[in-house]
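# Per-entry structural report
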Amino acid sequence: MGEGTTVGVDLAKEVFAVCVLDARGAVVERKVLRRAAFERWVDALSTSLGPCNIAMEACGSAHHWGRVFAARGHTARLMAAEFVVPFRKGGKNDVNDAEAIAIAACQPTMRFVPVKTVEQQAILAWHRMRQGWIEERTALLNRVRGLLAEFGRVTGRSPAVLMAAMARLVEEVDAPAPMRAIVQQAREQLVQLDARLAACDAQIQAHARSSSQAERLRALLGVGPITASAVVATVPDARLFRHGRLFGAWLGLTPRQHSTGGKTRLGSSSKRGDAYLRGLLVNGARSALQAALRTAPEKATRLQQWMVVLARRCGYQKALVAIANKHARMIWAMLARDETYDPQAWQRHARAATPMQAAAAPGAA
C-alpha cells in the first residue's frame, strides 16, 4: 500500500473514525479511535502505510490536522461537508461518514479546500473574535435600551447617545439603586468591549499594511483594511479558481440555478461560502454605491456610472449584491494575476461587437 491509498477521517473532539481504501477503492481497514490513540495512529501511519491521501471534511480543526498530516509526508485533502453526503451509505454514523469521505475524495471531479497556514488562521482568529464581540456589543446595547424603556427612559439609536444616557443615569440620585447598579455594570462591559474591538481593528490593520496583497486590494473602492485582510487570510491561492466567476460563486454572490430542458432559471443569491467575507463585500459595495450616487455624473468613473445605472434598473438591494460580485471578480483578477488595481483596464480588453453593433458599424453591408 502507500501511494494510491486513500484514508477517510471523520474528525471530532474525542472520537475519530478512520476508513482506509486501497488503490482500487476497496475498504481494507476501519477503526474508531479515541483522541490519544488517534494521535499515536497518525504518528505510525507513515511507517505502516507510507505516504497516503488523507481526506477530511473542512470542519473545525480540519486545517490543524491537515498540517499535521502534511508534515508527516501525506497529502491532506479537505472537502466541503455537503459534497460528502451523496456518498454516505446507510444511516449517519462515524464509520459510515469516514467511508463516505474516503470515497468522495477519490472522485476525479471533487473540489478540495486548501489547507490554511498557522499565520492565516491566527489572523482569521482576530476576525472571528471581532465579529463575535460586535454581536455581543449590539445585543448588550439593545438589552440596555429595552430595560431603560421600562422606566420611561427612551434614548436615541446611536451607541454614543446611549452611553451618555447611561453615564447620566448612574449619577442620578432619584433613580432606583438596583437600576443604577446594573446600568453601571453594563456600561463597564461596553467599555471593555470597545477596547477589545479597538485592539482587533489595530491588529487587522497592521496585517493589512504588512501584506503586499492586502495593500493592493485596498486600492479598490469599497475594499478597506478589514476586507482586504480577511480576503488574503481566507484565500491562500486565488489561482485555485479558474476565473473570477467561480470565485464569486464560491462566496455565494451568484444566483441559484434551477435549469432544465435547456431553459435557464435563476433564483436568489445562493449565500454559500464564507458568510463573514460575503458580508464584508456587501458592506463595501454599499459604501461604493453611496459614493457613486453622490458623485457628479461628469466626474464619475466608468465603474461608478455602471453602479448608478444598475441601481436604477434593478433596485438598491439587488445592486449591492451585483456590485459585491463585481468586486469579488476584480479581487480574483488582482490576486490570481498578481496585478495592481487599474481603473482603465477595461480599455485593454475590447469586447467583441454584438451582431446589432456590427450591423450598425460604418461600412457594414
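The structure we're discussing is the one just above.
Report follows, based on the coordinates. The numbers attached to residues start from 1 for each chain and follow its sequence in the written order. Only residues with pLDDT of at least 70 are given local features in this predicted model, and only at 80 or more are side-chain atom pairs given and counted; all residues enter the totals for whole chains, interfaces and linings. With hydrogens and water set aside, each side-chain value is computed from the structure's full complement of heavy atoms.

The next subject is the packing of aromatic side chains. Note on ring pairs: Phe, Tyr and Trp rings are taken, using the six-membered ring of Trp, and paired if centres are within 6.5 Å. Classes follow the plane angle, with under 30 degrees stacked, over 60 edge-to-face and the rest tilted. Under the definition given, this model contains 8 aromatic pairs. Residues F38 and F69 carry aromatic rings whose centres are separated by 6.5 Å and whose planes lie at 75 degrees to one another, so their mutual orientation is edge-to-face. Of the two residues, F38 sits in helix α1 (residues 35-48) while F69 sits in helix α2 (residues 62-71), which places them 31 residues apart along the sequence. Assigned by exposure class, F38 and F69 land together as buried. Each ring, one from F241 and one from F247, has its centre 5.3 Å from the other, and the planes form 65 degrees; the classification is edge-to-face. Remark: exposure states derive from per-residue accessible area (1.4 Å probe, protein chains only) relative to the maximum for the residue type, with buried under 20%, exposed over 50%, and partly exposed in between. Given the relative accessible area of 1%, F247 is considered buried. Strands are runs of DSSP state E lasting at least two residues, helices are runs of H or I lasting at least four, and both sets are numbered from the N terminus onward.

Further remarks concern the pattern of salt bridges. Every case where a carboxyl oxygen of Asp or Glu lies within 4 Å of a side-chain nitrogen of Lys or Arg is listed as a salt bridge. If you walk through the whole model with that rule in mind, you get 15 salt bridges. The partner of K31 in a salt bridge is E29, and the shortest N-O contact between them spans 3.1 Å. Judged by its relative accessible area of 27%, E29 falls in the partly exposed class. Residue K89 pairs with E99 through a salt bridge whose shortest N-O separation is 2.9 Å. Within this pair, whereas K89 is found in the loop between β5 (75-79) and α3 (94-105), its partner E99 is found in helix α3, the two being separated by 10 residues in sequence. The exposed category is assigned to K89, whose relative accessible area is 52%. Take E99: its relative accessible area is 8%, and that puts it in the buried class. Ionic contacts of the salt-bridge type, sharing partners, join the residues R30, K89 and E99 into one network.

Turning next to unusual backbone geometry. For S61, which is not glycine, the phi torsion reads 75 degrees and is therefore positive. Note on placement: S61 falls in the loop between β4 (53-57) and α2. At D338, a position not held by glycine, the phi torsion is positive, near 55 degrees. Relative to the elements of secondary structure, D338 occurs in the loop between α12 (316-336) and α13 (355-360).

A word on the nonpolar core. One recurring pattern in soluble globular proteins: nonpolar side chains tend to sit buried together. Membership of the largest hydrophobic core comes to 43 residues, with the highest contact counts inside it found for L217, F247 and I331. When residues of this core are traced back to their parent elements, those giving at least two are α6 (177-210), α7 (212-217), α8 (225-234), α10 (275-294), α11 (302-314) and α12. The greatest single-element share of this core, amounting to 12 residues, is contributed by α12. By the convention used here, residues are in contact when the closest approach between their heavy atoms is within 4.5 Å. When residues no more than four places from it in sequence are discounted, the contact partners of L217 are V223, A228, V231, V232, I331, M334 and L335. Residues enter a nonpolar core if they are buried and are Ala, Val, Leu, Ile, Met, Phe, Trp, Tyr or Cys, with the set joined through side-chain atoms within 4.5 Å.

Only strands that DSSP links by at least two bridges are regarded as paired with each other. Of the strand pairs in this sheet, β4 and β5 are connected by 5 bridges, and their pairing is parallel. Considered in β5, the bridge of E57 is made with M79. A right-handed crossover is one whose linking path, passing over the helix from the first strand to the second, runs clockwise when the strands point away from the viewer. Viewed along the sheet, the connection from β4 through α2 into β5 turns out right-handed.

Once that is clear, we can look at the packing of α6 against α8. In this analysis, axes come from line fits to C-alpha atoms, helices being fitted only over the stretch in contact, and the angle between any two N-to-C directions falls in the range 0 to 180 degrees. One can describe the packing of α6 onto α8 by two numbers: an axis separation of 8 Å at closest approach and a directional angle of 65 degrees. Of the possible angle classes, the one that applies to α6 and α8 is roughly perpendicular. Crossing geometry of α6 relative to α8 is assigned as left-handed. Residue-level contacts link D201, I204, Q205, H207 and A208 of α6 to P225, I226, S229 and V232 of α8. Roughly parallel here means an angle under 35 degrees, roughly antiparallel means over 145, roughly perpendicular means 65 to 115, and every remaining angle is called oblique. Here a crossing is taken to be left-handed if its near helix is turned anticlockwise relative to the far helix by less than a right angle, and right-handed if that turn runs clockwise.

What follows deals with the side chain of N96. You can see N96 is positioned in helix α3. Under this definition, polar contacts are N or O atom pairs within 3.5 Å; protein pairs additionally need one hydrogen-donor-capable and one acceptor-capable atom, and for neighbouring residues in sequence, both atoms have to be side-chain atoms. A distance of 3.1 Å separates a polar atom in the side chain of N96 from the backbone oxygen of K89. Apart from residues no more than four positions distant in its own chain, N96 is found in contact with R88, K89, G90 and G91.

Another point: the packing of α8 against α10. One way to put it is that α8 packs onto α10 with a least axis distance of 10 Å and a crossing angle of 145 degrees. Classified by chirality, the crossing of α10 by α8 is left-handed. Where α8 approaches α10, its residues I226, T227, A230, V231 and T234 are matched on the opposing element by Y276, L277, L280 and L281. Each residue is assigned to one of three groups, with Ala, Val, Leu, Ile, Met, Phe, Trp, Tyr, Cys and Pro labelled nonpolar, Asp, Glu, Lys and Arg labelled charged, and all others, Gly among them, labelled polar. Of the residues assigned to the contact of α8 with α10, the class counts are 7 nonpolar, 2 polar and no charged.

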